[in-house]
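A closer look at the structure
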Amino acid sequence: MRLVGSKDLVGSGQDTFTLDTCSQRTFIPRDGSACSGHSRYCRVKSSFESLTDKESEIQKMEQEQKDSISGVQKESQNLQSLITFQFAELHQILTEKEQRLLGDVWRSESAQSQNVSVTLDVETAHARLEVSEDRKRVRWTETRRSLPDTGKRFTDRLCVLGSEGFTSGRHYWEVEVAGNRGGCVGIAAESVERKRPVTLTPETGIWSTRRWDDGFDAFTSPPSCLPARPIPGRVGVYLSYESGTVSFYDADTKSHPHTITGNIFMEKLYPLFATWHENQWLRTCSGSALGV
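Let us now look at the confidence of the model for the protein. In this model, the protein carries a mean pLDDT of 80, and residues with pLDDT of at least 70 account for 76%. Across residues 1–24, confidence stays below pLDDT 50; counting only partners more than four residues off in sequence or on other chains, it has 36 contacts.

Here you go:
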C-alpha cells in the first residue's frame, strides 16, 4: 500500500490523498465532503424518525377520536332509550287521563241523550239479509229472498236501516257485534243511495265504524284506523243532531274510539246496520246509561 499525492491524480482540480491498495484506490477529499454526506444522512434519519413520531401521534389522536365518537354513540343510544321509556310512561298517563275525561263526557252525554230501543225496518233490508221476527237481529245468508223492490230497499249494499229516524236531539243505542267479523254499524241519511254501489262514508251520507276480520276502523275516506285495543263486543252509537256529532263507543269498556264532527245535518237520520259475515247476527239493544 502506498500513499499517492495529488500529482498522481491527473486532471484533478483539488488536493487529495488516496489510499492505494493493490488496484483499488480510496480517495479522501481534503474539503470534508465525506463528513457532509454523513451529516445529510443524519438529517434524513432524524426527519424520518420525526415523521414516524408524528404518525404515531396522529394514530393516537385518531384512536382518541374513535373512542370519543363511540362514547357519544353510546350516550345517544342511552338517551334514546330513556326518551322512549319516558314517552311510553307519558303516553300511559295521558291515556288514563283521557279515559277518565271520556268517562266524564260519557256520563254528561248520558244525562242529555235518549236511549233508543232500535227496531229494524224490514222494507229497507237487502234481499240476502235475514231479519228476526222481533226485528232486533239481522244476519247475512246465502238465500236470496223474493221481496218487493220498494224505493226504500237496499239492492246493492248488504244494509238495513232502523225504523225510527231523527231530525233533532241526542240519541244513543248499542249493537252487539261479538262473533261478527264483517260488518258495520252507524248512521245513514234518509237520502243515501240504495240501488247502486257506494262507499259507506260521510261523503255518501253514512257515518259508521267497520269490523273487517281482525281490523276495526271508522269508515271514512280514507279509513281511520282506531286505536289498538281489544275489538268491542258491543258498539255504542251516539248522535247529537244539532252539534253535527256522531260518536262511537266500546260499550264493554266505556271507552271512546272515535268521533266524527263538523257535520251539518239537514235531513232525517236512521240507525244503519250492514253485515257480510255469513250467519253471524248483529243484535240491537238500547244499552245501559252511558255512564253506568
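This brings us to the packing of aromatic side chains. Under the defined criterion, the tally for this structure stands at five aromatic pairs. Ring geometry for Phe 166 and Trp 173: centres 5.8 Å apart, planes at 25°, overall stacked. Like Trp 173, Phe 166 is buried. Judged by centre distance (6.4 Å) and plane angle (70°), the ring pair of Tyr 172 and Tyr 249 falls under edge-to-face. Of this pair, Tyr 172 sits in strand β8 (residues 170–176) while Tyr 249 sits in strand β14 (residues 245–250), placing them 77 residues apart in sequence. Here the two residues Tyr 172 and Tyr 249 agree in accessibility, since each one is buried. One aromatic cluster is present, built from ring pairs that chain together Trp 207, Tyr 241 and Phe 265.

Positionally, Asn 263 belongs in the loop between β15 (255–260) and β16 (269–275). The exposure class assigned to Asn 263 is buried, which follows from its relative accessible area of 16%. A distance of 3.0 Å separates a polar atom in the side chain of Asn 263 from a polar atom in the side chain of Trp 207. The residues touching Asn 263, leaving out its near neighbours within four places in the chain, are Trp 207, Ser 243 and Gly 244.

Turning our attention to the side chain of Glu 174. Its location among the elements puts Glu 174 in strand β8. A polar contact of 2.7 Å, which involves the side chain of Glu 174, links it to the side chain of Tyr 172.

A word on the nonpolar core. Formed by 32 residues in total, the largest nonpolar core has its most connected members in Val 138, Trp 173, Val 185, Ile 187, Trp 207, Leu 269 and Phe 273. Every element with two or more residues in this core is listed here: β5 (129–131), β6 (137–140), β8, β9 (182–189), β11 (215–218), β13 (234–240), β14 and β16. Among all residues touching Val 138, those that are not within four sequence positions of it are Leu 120, Leu 129, Glu 130, Val 131, Val 160, Phe 273, Thr 275, Gln 280, Trp 281 and Leu 282.

In a structure, side chains of opposite charge can pair up when their charged atoms sit close to one another. Scanning the model with the defined rule gives ten salt bridges in all. For Asp 217, the salt bridge is made with Arg 210, and the minimal N-O distance between the two is 3.0 Å. Judged by its relative accessible area of 15%, Arg 210 is buried. By sharing partners, the salt bridges in this structure join Asp 121, Glu 123 and Lys 152 into a single network.

On to unusual backbone geometry, then. For Arg 135, which is not glycine, the phi dihedral falls at a positive 60°. Its place among the elements puts Arg 135 in the loop between β5 and β6. According to the relative accessible area criterion, Arg 135 is partly exposed, its value standing at 34%. With phi around 60°, Asn 279 is a residue other than glycine that occupies positive phi space. Note on placement: Asn 279 falls in the loop between β16 and β17 (282–285). Under the relative-accessibility criterion, Asn 279 is labelled partly exposed at 38%.

How each quantity is defined
Residues numbered from 1 in each chain as written. Predicted model: local features only at pLDDT ≥ 70, side-chain atom pairs only at ≥ 80, totals over all residues. Heavy atoms only, no water. pLDDT = per-residue confidence, 0-100. Contact = heavy atoms within 4.5 Å. Phe/Tyr/Trp six-rings, centres within 6.5 Å; stacked < 30°, edge-to-face > 60°. Buried < 20%, exposed > 50% of the residue type's maximum accessible area, 1.4 Å probe, protein only. Helix = DSSP H or I, 4+ residues; strand = E, 2+ residues; numbered from the N terminus. Polar contact = N/O pair within 3.5 Å; in protein donor to acceptor, adjacent residues only side chain to side chain. Core = buried A, V, L, I, M, F, W, Y, C linked by side-chain atoms within 4.5 Å. Salt bridge = Lys/Arg side-chain N within 4 Å of Asp/Glu carboxyl O.

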